[in-house]
Amino acid sequence: MLSRVADTIFWLGRYMERTSGMLQAIFTQYISSQDDPEENTWRPLLKIYGELTDPEIEAIENHSPKALDYMILNRSNQASAFNTITFSRENARGIQDHITKEVWQCLNDYYHLIRADHLHYELFYGDPVAPIDMLIKHGLLFTGTVDNTMTRGEGFNFIHIGKLIERAIHTTDVTRIKMNEIALRRHEGFEGAKLRYLLYSLFGFEVYLKIYKGNFTKRHTLDLILYNTDFPHSLLYSLERLFRYFTRLKNDSLPENFERLEYLIGKTMNHIKYSKVDESNSAELDLYLSQTRIDLFEISSTFGKHYFGNT
Amino acid sequence: MDRILQTYREHAGVWDEMFASEGIRTTYKKFVSAIEDLPPEEMTRKDELAKKLFMSQGVTFTVYSSGEGIEKIFPFDVIPRIIGSEEWLLIEAGLKQRLKALNIFLKDIYHRQFILNDGIMPAQLVYSCPNFLREMVNVDVPFDIYTHISGVDLIRDADGSFYVLEDNLRTPSGVSYMLENRSITYRIFPDILPRNNVRSVKEYPDLLYKNLLALANRQISNPTVVLLSPGIYNSAYFEHTTLARLMGIELVEGRDLIVDNNFVYTKTTQGLQQVDVIYRRVDDEFIDPLVFRPDSILGVSGLYWAYRKGNVAIVNAMGNGVADDKAIYTYVPEMIRYYLNEEPILKNVPTYRLSDPDSKAHVFEHIEKMVIKRTNESGGYGMLMGNSATQEEIDNYKAAVNAAPRNFIAQPIISLSSTPCYLNGLLQPRRVDLRPFALYGPDGIDIVPGGLTRVALKEGSMVVNSSQGGGSKDTWVLSG
């Protein structure tokens, strides 16, 4: 596979996963902001999914339609869903011969959907849940289309590698934010509510209920989010899958490149697997998640160097 | 549809593709009978469905305005243009004859130049052509084929006969629209294609791939064929991706290729891999910055020498522009007589070379009946329609002609044939041309039965180019 194509398809996977994670986090925040007056600020998400200064954030942080419009549809915000979907489509255009026609058309439909005028209207004046939900479902449709139509070749592996790195980064980021919030503001019921929203943001609420029967604790939440290998948004699941897709590249790789990445992915995976973080020590938890994030970025940049010809 | 047909008014003195004075032409009868019972709103629905399909399949081009890209579809008219089998046989024979002669001309002009030595064509005309590449002189190309892919523009005059308007022998585009238009027709007119015995166009990518493979020089079972594109911002990028996908070959950009020791390689995740054949959609002047434009970032440094040494085949060959130059065009009938000893089957549009003072005087005197074109421009750019230009435009154009007469030709304004188009809920006549696509391989020339019918959608316009408000139609060739 051409290095440029591998790079583009890898980033296609990353952008689409970023969009999906972002929309779910926004969706959860919207629900929680309506549910709980203490949650009625968009500041944490505006900081991650935007480029605004503090005074600019202050101007819209309590105004849901403006905040939603900025994070989802704003064209000058490089991190908006509008732009991540546009970047994904731009990437897909450049590699149309490596994805299926179905994948291309699905993404192209997604692109036209995010540009539709009615989205802005509904976010601003109607029910914001409906358009966000529609966008999330379209993201799921994309994932299914990739799985059902693409051959299990290099392209399929790279799109999943990109997706899983991005997912692991997203899980790390969202967990850090919520755990830091919990550490800062403790009062009765506060922690449970925050943990629920954290689980919602990572599509883990229902799984958690099934495993832990409604008893919301940091320990259980971290066990699910960090170590559960059946939960598709946990760090360990993402890393193990990433390793699996990477291993499939062995025959298409130069040995020295493969070995370098194999070492890095294995190291990060084992760091997660064999470190038992103390949930009551917020500083230790933060350090653990920060180090994981650094390791994930190193994996990404090493792919760039050894597989995509980026120097 | 009946009501729609009743409101249709052909242009007087213009050949209408669907209607003759005695009624609907035979080729269209089955199609009309299949849709005549449809209510008008159903036609509008089909029209809207076609637009939606183009949009959702990404058959679009991007217009950048205020720093933002806006997706537009190439306008498509749902009523097909239909060509009967006998007429097609004539077109096919005429195109094969013409391309054979043009290909020999290219071989000749870049080698022994018999046509100049025998005084059939003035040497000055060739050497003054900006697309004559001295770098191609004495370069041997595989199988002596230069014009692997061509799209010859045909028009039909009021008397019903076809004329060649121009030969596109460099990187002709539009074939993906021929394929997409057909796939849209399947959707909007179910079963009508088989009932009309319409010949298939879907073999095009297979034929092209077979020809490309045959050009590989290495004795290996699976030579590497790539399509070299300028990238996603090129207006024909959709076509590049479509063809690469349909042929199952790699779509590459200049930055994906590297030349080492006069061999071309792609940069892959497994290191460098040798390339045998390049179907390039990058113009000559951009293809190798070491030989042509040094500021080009679309091409590959060293590609010319790899080609010259025969280590890679390039399709179409470099230097073809000399054969589709509009001044050289006037000599194509002579070429056919000279090289093939045959009379041309397809006629040229009468053309005046403005380097000839008498012709220039005649053209200036009758400028309101003339269209003046630059010899090395295409896409409908740089031409003057004498019947619609302002006096100021005419004066400016005359000054440009006087400054460099070699760069201009003039043709009488041909009354292009018209065909019904479904526009704003009404059937209205609009002018059309036809671009059939020909593939020249070691086994001979194949003309795909169909082509791109381009239509001037603006009322009264005769400019069919997509860049100038033109659209397209599906083109049906009926089997006998």
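Helix and strand counts for chain A come out as 15 helices and zero strands. The C-alpha atoms of chain A give 19 Å as radius of gyration, which agrees with the globular expectation for 311 residues (19 Å, within 12%). With respect to the principal axes defined by its C-alpha atoms, chain A has extents near 55 × 50 × 35 Å. Residues counted as buried form 57% of the 311 residues belonging to chain A. Taking the intrachain contacts of chain A between residues at least 6 apart in sequence as the baseline, contacts between residues at least 24 apart amount to 65%. For chain A, the exposed surface amounts to about 12,900 Å²; the carbon and sulfur share of it is 51%.

The subject of this paragraph is the environment of valine 146 of chain A. Residue and element names in this part refer to chain A. Along the chain, valine 146 falls in helix α8 (residues 129-149). We classify valine 146 as buried; its relative accessible area is 3%. As a C-alpha pair, valine 146 and leucine 135 span 11 residues in sequence and 17 Å in three-dimensional space. Not counting chain neighbours up to four residues away, the residues in contact with valine 146 comprise Val103, Arg152, Phe156, Ile159 and His160.

Let us look at the domain arrangement of chain A. Residue and element names in this part refer to chain A. Each assigned domain of chain A is listed here: domain 1 (1-150) and domain 2 (152-311). Just the C-alpha atoms count here: the centres of domain 1 and domain 2 sit 21 Å apart. For the domain 1 and domain 2 pair, buried surface summed over both sides reaches about 2,800 Å², with 58% attributable to carbon and sulfur atoms. The interface formed by domain 1 and domain 2 includes three salt bridges. The closest approach of N and O atoms between arginine 18 and glutamate 166, which form a salt bridge, is 2.9 Å. For the interface between domain 1 and domain 2, the tally reads 10 residue pairs in polar contact (both at pLDDT 80 or more). Sorting the residues of the side of domain 1 that touches domain 2 by element identifies α1 (3-35), α2 (43-48) and α8 as the ones contributing at least two each. Top contributing element to the side of domain 1 that touches domain 2 by residue count: α1, with 19 residues. Across the side of domain 1 that touches domain 2, the residue classes tally to 13 nonpolar, nine polar and nine charged.

Right, let's talk about the side chain of arginine 454 of chain B for a bit. All names here are of chain B. Turning to its location among the elements, arginine 454 is positioned in strand β24 (residues 452-456). A polar side-chain atom of arginine 454 sits 3.1 Å from a polar atom in the side chain of aspartate 153. Within the local environment of arginine 454, its side chain forms a polar contact with the side chain of aspartate 433, the two groups lying 2.9 Å apart. When near neighbours in sequence (up to four residues on either side) are disregarded, arginine 454 contacts Asp153, Arg431, Val432, Asp433, Arg435, Val464, Asn465, Gly471 and Ser472.

Put simply, chain A has an average pLDDT of 91, and 97% of its residues get 70 or more. Within chain A, no element has a lower average pLDDT than helix α7 (residues 117-125) of chain A, which sits at 86, and none a higher one than helix α13 (residues 235-247) of chain A, at 96.

All names here are of chain B. Pairing in this open sheet of four strands is antiparallel, and the strands run β16-β19-β17-β18 from one edge to the other. One side of each edge strand has no neighbouring strand; the edge strands of this open sheet are β16 (352-353) and β18 (383-385). When β16 meets strand β19 (residues 408-412), the two strands line up antiparallel, connected through two bridges. In the sheet register, arginine 353 faces β19, and the bridge partner there is isoleucine 409. Running over the sheet, helix α15 (residues 391-403) touches β17 (370-374), β18 and β19 and is turned about 50° from β17.

This brings us to the sheet that holds strand β11 (residues 263-268) of chain B. Pairing between the strands of a sheet comes from backbone hydrogen bonds, and it takes one of two forms, parallel or antiparallel. Residue and element names in this part refer to chain B. Taking strand neighbours across the sheet as the criterion, the three strands line up as β10-β11-β12 in an open arrangement whose pairing is antiparallel. Either end of the sheet is taken by a strand with one partner, and the two such strands are β10 (257-260) and β12 (271-274). Across this sheet, the average inter-strand angle for adjacent strands is 40°, counted without regard to direction. The pairing of β11 with β12 spans four bridges and is classified as antiparallel. Each residue of the ladder has a partner; that of threonine 266, found in β12, is glutamine 273.

So, on to the environment of glutamate 459 of chain B. All names here are of chain B. Position of glutamate 459 among the secondary structure elements: in the loop between β24 and β25 (470-477). Among the residues examined, glutamate 459 registers a relative accessible area of 65% and is labelled exposed. On a C-alpha basis, the gap between glutamate 459 and arginine 431 in space is 8.8 Å, while along the polypeptide they are 28 residues apart.

Enumeration according to the criterion identifies 34 aromatic pairs over all chains in this entry. Both rings, one in phenylalanine 54 of chain B and one in phenylalanine 76 of chain B, keep their centres 5.3 Å apart while their planes meet at 55°; by these two values the pair is tilted. In this pair, phenylalanine 54 of chain B is assigned in helix α3 (residues 40-56) and phenylalanine 76 of chain B in strand β5 (residues 76-83), connecting sequence segments 22 residues apart. Here the aromatic cluster, defined as three or more aromatic residues joined through ring pairs, consists of Phe10, Trp11, Tyr15, Phe87, Phe158, Phe246, Phe258, Phe303, Tyr307 and Phe308 of chain A. Across from the ring centre of phenylalanine 156 of chain A, 4.0 Å away, lies the NZ or CZ of arginine 152 of chain A, which sits over that ring.

In this section: unusual backbone geometry. That bond from valine 315 of chain B to asparagine 316 of chain B is cis: its omega, -15°, falls within 30 degrees of zero. The topology assignment puts asparagine 316 of chain B in the loop between β14 (313-315) and α12 (326-329).

With that out of the way, let us pick up the pairing of β24 of chain B. Walk down a regular strand and you will see the side chains alternate between the two sheet faces. All names here are of chain B. Counting buried positions over the five residues of β24 gives five, a clear majority of the element. In β24, alternate side chains face the same way, and those of Leu452, Arg454 and Ala456 on one face and Thr453 and Val455 on the other are all buried. As judged from the four bridges shared by strand β21 (residues 426-435) and β24, these two strands associate in the antiparallel manner. Within β24, the residue paired with valine 432 across the bridge is valine 455.

It is worth spelling out the environment of lysine 178 of chain A at this point. With respect to the helices, strands and loops of the structure, lysine 178 of chain A is situated in helix α9 (residues 154-184). Taking C-alpha positions, lysine 178 of chain A is 35 Å from histidine 306 of chain A, a pair spaced 128 residues apart along the chain.

A word on the nonpolar core. Core analysis: the biggest nonpolar cluster contains 174 residues, and Ile72 and Phe303 of chain A have the highest contact counts within it. Here this core gets 12 residues from one element, more than from any other, and that element is α1 of chain A. When near neighbours in sequence (up to four residues on either side) are disregarded, phenylalanine 303 of chain A contacts Phe158, Ile161, Ile165, Phe246, Leu249, Leu261, Ile265 and Phe308 of chain A. Listed in part, the 58 residues of the second largest apolar core include Val59, Val175, Ile192 and Val225 of chain B.

This part takes up the pairing of strand β8 (residues 225-228) of chain B. Residue and element names in this part refer to chain B. Burial along β8 is two-sided: the face carrying Val225 and Leu227 and the face carrying Val226 and Leu228 are both buried. Here β8 pairs with strand β13 (residues 277-280) via four bridges, running parallel. Counted as the bridge partner of valine 225 is valine 277 from β13. Summarising the sheet, β8 and strand β9 (residues 250-252) pair through three bridges and their orientation is parallel. Within β9, the position partnered with leucine 227 by the bridge is leucine 251.

What counts and what doesn't
- Residues numbered from 1 in each chain as written.
- Chains lettered and ligands numbered in written order.
- Predicted model: local features only at pLDDT ≥ 70, side-chain atom pairs only at ≥ 80, totals over all residues.
- Heavy atoms only, no water.
- Helix = DSSP H or I, 4+ residues; strand = E, 2+ residues; numbered from the N terminus.
- Rg over C-alpha atoms; globule rule 2.2 N^0.38 Å.
- Buried < 20%, exposed > 50% of the residue type's maximum accessible area, 1.4 Å probe, protein only.
- Contact = heavy atoms within 4.5 Å.
- Areas by Shrake-Rupley, 256 points an atom, 1.4 Å probe, with all protein chains shown as cover.
- Domains from an automatic or database assignment.
- Buried area = accessible area lost by both parts, 1.4 Å probe.
- Salt bridge = Lys/Arg side-chain N within 4 Å of Asp/Glu carboxyl O.
- Polar contact = N/O pair within 3.5 Å; in protein donor to acceptor, adjacent residues only side chain to side chain.
- Nonpolar A, V, L, I, M, F, W, Y, C, P; charged D, E, K, R; others polar.
- pLDDT = per-residue confidence, 0-100.
- Pairing = 2+ DSSP bridges.
- Axes fitted to C-alpha atoms, helices over the stretch in contact; angles between N-to-C directions.
- Phe/Tyr/Trp six-rings, centres within 6.5 Å; stacked < 30°, edge-to-face > 60°.
- Lys NZ or Arg CZ within 6 Å of the ring centre and 35° of its normal.
- Core = buried A, V, L, I, M, F, W, Y, C linked by side-chain atoms within 4.5 Å.

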